[in-house]
Amino acid sequence: MNAEIFEALAQLEKERGIPKDYMLEKITQALVAAYKKDKNGYTDNVFVDTSDGSMRIYVQKEVVDDVITPATEITLEAARKIDKHAQLGDLVNVDVETKSFGRIAAQTAKQVIIQGIREAERGMIFDSFSSKEHEILTGSVLRIEPQSGDMIVRIGSGSDRTDALLSHSEQVRGETFAEGDIIRVYVVEVRRSSRGPQVLVSRTHPGLVKRLFELEVPEIASGLVEVKSIAREAGSRTKLAVCAAEQGIDPVGACVGPRGGRVGAVVDELRGEKMDIVVWSEDPAKFVASALSPADVVSVQLVPGQKACRVLVPDDQLSLAIGKEGQNARLAARLTGYKIDIKPQSQAALLEPLEAPEEDEEETRLPEDAGDEAEHGED
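Residues numbered from 1 in each chain as written. Predicted model: local features only at pLDDT ≥ 70, side-chain atom pairs only at ≥ 80, totals over all residues. Heavy atoms only, no water.

Visitor: Got a minute to help me understand the confidence of the model for the chain in this structure?
Guide: Low pLDDT means the predicted atomic positions in that stretch should not be read closely. On average, the chain scores 83 in pLDDT, and the residues at 70 or more come to 84%. A low-confidence stretch, residues 371-379 stays under pLDDT 50, and its non-local contacts, those more than four residues away or across chains, total 17 contacts. (pLDDT = per-residue confidence, 0-100. Contact = heavy atoms within 4.5 Å.)

Visitor: Looking at this structure, how should I read the environment of Arg271?
Guide: With respect to the secondary-structure elements, Arg271 resides in the loop between helix 8 (261-269) and strand 12 (274-279). Under the relative-accessibility criterion, Arg271 is labelled partly exposed at 47%. Separated by 36 residues in sequence, Arg271 and Gly235 have C-alpha atoms that sit 7.6 Å apart. Apart from residues no more than four positions distant in its own chain, Arg271 is found in contact with Glu175, Thr176 and Phe177. A distance of 3.2 Å separates a polar side-chain atom of Arg271 from the backbone oxygen of Thr176. (Helix = DSSP H or I, 4+ residues; strand = E, 2+ residues; numbered from the N terminus. Buried < 20%, exposed > 50% of the residue type's maximum accessible area, 1.4 Å probe, protein only. Polar contact = N/O pair within 3.5 Å; in protein donor to acceptor, adjacent residues only side chain to side chain.)

Visitor: It is not clear to me how helix 8 should be interpreted in this structure. Could you clarify?
Guide: Each turn of an α-helix holds 3.6 residues, which means side chains three or four residues apart point in the same direction. Among the residues making up helix 8, those that are buried are Arg262, Val263, Val266 and Val267. The arc that holds the buried residues of helix 8, viewed along the axis, is 135 degrees, so those residues lie on one side. Among the structural elements, helix 5 (206-216), helix 6 (218-222), helix 7 (251-256) and strand 12 are those in contact with the buried residues of helix 8. In the stretch just after helix 8, Arg271 is the one whose phi turns positive, near 60 degrees. (Arc of directions from axis to C-beta.)

Visitor: Is there a simple way to explain the packing of aromatic side chains in this structure?
Guide: The description of an aromatic ring pair rests on the distance of the ring centres and on the angle between the ring planes. This model, assessed by the stated rule, comprises one aromatic pair. Judged by centre distance (6.4 Å) and plane angle (65 degrees), the ring pair of Trp280 and Phe287 falls under edge-to-face. Residue classification places Trp280 among the partly exposed positions, given a relative accessible area of 25%. The buried category is assigned to Phe287, whose relative accessible area is 6%. The ring centre of Phe126 lies 3.7 Å from the NZ or CZ of Arg192, which sits over that ring. The residue whose ring lies beneath Lys228 is Trp280, and the NZ or CZ to ring-centre distance is 4.6 Å. (Phe/Tyr/Trp six-rings, centres within 6.5 Å; stacked < 30°, edge-to-face > 60°. Lys NZ or Arg CZ within 6 Å of the ring centre and 35° of its normal.)

Visitor: Looking at this structure, how should I read the pairing of strand 13 (residues 299-302)?
Guide: A regular strand places its side chains so that they alternate between the two faces of the sheet. When strand 13 meets strand 14 (residues 308-313), the two strands line up antiparallel, connected through four bridges. Across the sheet, Gln301 pairs through a bridge with Arg310, a residue of strand 14. (Pairing = 2+ DSSP bridges.)

Visitor: Would you mind showing me how to read the sheet that holds strand 5 (residues 136-144) here?
Guide: The strands making up a sheet are joined through hydrogen bonds of the backbone, oriented either antiparallel or parallel. The strand order 5-6-7-9-8 describes a closed barrel built from five strands, whose pairing is mixed. On average, adjacent strands in this sheet sit at an angle of 50 degrees to one another, irrespective of strand direction. Judged from the five bridges that link them, strand 8 (residues 182-191) and strand 9 (residues 198-202) form a sheet pairing that is antiparallel. Paired with Tyr186 across the strands is Ser202, a residue of strand 9. (Axes fitted to C-alpha atoms, helices over the stretch in contact; angles between N-to-C directions.)

Visitor: When you look at the packing of helix 5 against helix 8 in this model, what are you seeing that I'm missing?
Guide: If you want to describe how two helices pack, look at the angle between their axes and the distance between the axes. Running from N to C, helix 5 and helix 8 point in directions that differ by 140 degrees, and their axes come no closer than 9 Å. The orientation of helix 5 with respect to helix 8, classified from their angle, is oblique. The way helix 5 lies across helix 8 gives a crossing that is right-handed. On helix 8, the residues that touch Leu212, Phe213 and Glu216 of helix 5 are Arg262, Val263, Ala265, Val266 and Glu269. For the contact of helix 5 with helix 8, the class distribution of residues is five nonpolar, no polar and three charged. (Parallel < 35°, antiparallel > 145°, perpendicular 65-115°, else oblique. Left-handed = near helix turned anticlockwise from the far one by under 90°. Nonpolar A, V, L, I, M, F, W, Y, C, P; charged D, E, K, R; others polar.)

Visitor: How should the environment of Ala71 be read in this particular structure?
Guide: Mapped onto the secondary structure, Ala71 falls in the loop between strand 2 (56-64) and strand 3 (73-75). Residue Ala71 is classed as partly exposed on the basis of its relative accessible area of 26%. The sequence separation of Ala71 and Gln60 amounts to 11 residues, and the corresponding C-alpha distance is 9.0 Å.

What follows is the structure, given as structure tokens:
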């Protein structure tokens, strides 16, 4: 039986990666638990020895003249059957026959071992997927909860596989999937829970866009082009600010790719989500002007000491700068971190001097009566 146990542990380590020493510790706990269940008594003197490559459970008892506590004491006559040199006061190791354990004790041992395997596998899954946080993984849709709309996505392969939660709030509006569909997801977080590791994934996170561009654009993967910031309204439009690490590299051209192939692959993966790729600049005015692309910008005036600015655009570019329902201006503000006040060039002479914006102002300020015009702006 000893040989079979150690062979099984070696096989378990090979196939599932569960360390042999870890399982030996769990088996030790199982045997002690089984002994306690079988004897219904004292177990502080119960030991399991695996030092010689075998497995042996024994009870350590004191040699006495008159046994009062059988769980911890043994007579001299009985002790000398085990060790012929035993004397009064000595401690002798009395072997325990595991075959004598009852059904309940055996079941207890089995449960301890099974629990040990589960804990080890959960720990390995947690460690494995924790290292994959903020990465893209490919999985298959396992099921869709009819009430909440949450999706369970199976990610990984072989023993390194688990089920991840793609909650309804992390799904792109308008995207539909069916059970069995292959899907790419962004790993947001890996949590420990009583039921094992919980992997939370997303299709709306801006990090998904960044990782997709890293896969499609070698210059980003190598560090020649850096993604500085991303502003995203999932399923509709994303703005991406990039810069080159070296002179002579066109960061926007690298992301777009020959005939738009690189950005096209990202758009296809995101099912038609529009992409605006702009050049990042250390100069806030230049960055804001770039971020309002595709609209032309006449001038950008920064508010001293504030992350706010006023932007003048040609009158015929106003709706384009604002975007449908204010989307272009809103994304530009998120991309740059600046509050943007957009005004038509024809009103330049009528504008009051710039003042620091109130703390509760929105991140973008649109011109009066621009709402209806923005509805018809380009998207």
